[in-house]
Amino acid sequence: MLRHITAGVDGSPASLAAAHWAAREALRRGVSLRMVHAWTWYPNPAPSVPIDVSQRDWAERTLDQAVMSVRAAHPGLRIVEQLVSDSAVDALLTGAAESEVLVLGSSGLSGVAGFILGSVSQRLVARSPRPVVLVRARETSADEHFPASDGVSPDEIPETPFRDVVLGLDTRRPCDELIEFAFEAARRYGAALHVVHAFSATRTGGAGLGADMEPGPGLPVAPAGPELLAAREHAVVATLRPWCEKFPGVAVTETVSEERAATALVRASAGASLLVVGRRTRAGRLGPHTGPVTHAVLHHVGCPVAVVPHG
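1. A closer look at the pairing of strand β1 (residues 4–8)
Counting buried residues along β1, five of its five residues qualify, which places the element largely inside the surrounding structure. Both faces of β1 are covered, namely the face carrying H4, T6 and G8 and the face carrying I5 and A7. Summarising the sheet, β1 and strand β2 (residues 32–39) pair through five bridges and their orientation is parallel. Considered in β2, the bridge of I5 is made with L33. After leaving β1, the chain enters helix α1 (residues 13–29) and then returns to the sheet as β2, a path that is right-handed.

2. Overview of the packing of aromatic side chains
Under the defined criterion, the tally for this structure stands at three aromatic pairs. Residues F162 and Y189 carry aromatic rings whose centres are separated by 4.6 Å and whose planes lie at 20° to one another, so their mutual orientation is stacked. Of this pair, F162 sits in the loop between β6 (132–136) and β7 (165–168) while Y189 sits in helix α5 (residues 176–189), and the two are 27 residues apart along the sequence. Taken as a pair, F162 and Y189 share a single burial class, namely buried. By way of ring pairs, the aromatic residues F183, W243 and F247 are connected into one cluster. The ring of W21 has R28 sitting right over it, with the charged end atom 5.8 Å from the ring centre.

3. Considerations on unusual backbone geometry
Look at R138: it is not a glycine, yet its phi comes out positive at around 75°. Along the chain, R138 turns up in the loop between β6 and β7.

4. Overview of the packing of α5 against helix α6 (residues 226–246)
For the pair α5 and α6, the least separation of the axes is 11 Å and the interaxial angle reads 40°. Between α5 and α6, the interaxial angle falls into the category oblique. Here α5 and α6 pass one another in a crossing that is right-handed. Listed contacts from α6 to D176, I179, E180 and F183 of α5 are T239, L240, W243, C244 and K246.

5. Here we look at helix α7 (residues 261–269)
Buried within α7 are the following residues: A261, A262, A264, L265, A268 and S269. For α7, the buried positions fall inside an angular range of 160° around the axis, keeping them on one side. Where α7 is buried, its residues touch β7, β8 (193–199), β9 (252–258), β10 (274–280) and α8 (292–298). Two residues or fewer past α7, G271 is found with a positive phi of approximately 85°.

6. Re the pattern of salt bridges
Enumeration over the complete set of coordinates arrives at 16 salt bridges. A salt bridge links E184 to R187; the nearest nitrogen and oxygen atoms lie 2.7 Å apart. Note that E184 and R187 are positioned in helix α5 at a spacing of three residues, about one turn of the helix. Overall, the relative accessible area of 22% leaves E184 in the partly exposed class.

Criteria and thresholds
Residues numbered from 1 in each chain as written. Predicted model: local features only at pLDDT ≥ 70, side-chain atom pairs only at ≥ 80, totals over all residues. Heavy atoms only, no water. Buried < 20%, exposed > 50% of the residue type's maximum accessible area, 1.4 Å probe, protein only. Helix = DSSP H or I, 4+ residues; strand = E, 2+ residues; numbered from the N terminus. Pairing = 2+ DSSP bridges. Right-handed = clockwise from strand over helix to strand, strands pointing away. Phe/Tyr/Trp six-rings, centres within 6.5 Å; stacked < 30°, edge-to-face > 60°. Lys NZ or Arg CZ within 6 Å of the ring centre and 35° of its normal. Axes fitted to C-alpha atoms, helices over the stretch in contact; angles between N-to-C directions. Parallel < 35°, antiparallel > 145°, perpendicular 65-115°, else oblique. Left-handed = near helix turned anticlockwise from the far one by under 90°. Contact = heavy atoms within 4.5 Å. Arc of directions from axis to C-beta. Salt bridge = Lys/Arg side-chain N within 4 Å of Asp/Glu carboxyl O.

Here you go:
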């Protein structure tokens, strides 16, 4: 059984925020945290490496500083440090395969909610066999909760309710791994689950598009009638019914709308504690990829985003 969470550490503020998020998640799950820093020797080291320090020593220092920061904030958490001489992608893919979740940091877009995905993050999201959670710089525990009442001190903020968990759902290809991840997260947080299903009605047959698909370019679109909207709402309720029975303590609300899936998810995730979206594991012509909706929300959503692979 996978009993730890892995966080990638690279010395950036975003990776430190991700490590702290991973620590809180590990405590919520009752598992340990593995903090991984990958390094390789370069003939010309980065300018951030002091001239009088070897690259390996600098890598050790980078990992040690991150571990000390997390330990100070979460003294009861079991932390395993792992310094790996390998590429970041290979080291973290190995770590992901042995973990419940892989957590990565990503710099927020300047002045805009969302993420800047470097080549390492993009490849890990597209290839990880386990769910990947992306956390932006400056994300804190307070961001996971609704605003505290006046007079509540910062150390009491975790006692305030969690913000909603948002799930993007495609009723045509509902995925158990994706739905269960979202329900489990809401259960652990004691939060409500907001399920979003967006679709597009076309003049060529009224095909619906769920949370991991978008209409093709130039496809004629006509407004959906009340019958189609009702059918979509019924499909969402039917898909969720067994999960609501399995997780009776999770309050669930549904939003069904005729619009682009990415637009609906970005709007719904404003003020959420976590957005959960899927990634099909079937590789395309150019290899593994995240899909257009997941790619779009990663660039426009401000809260942590969990990308769950599924068949």
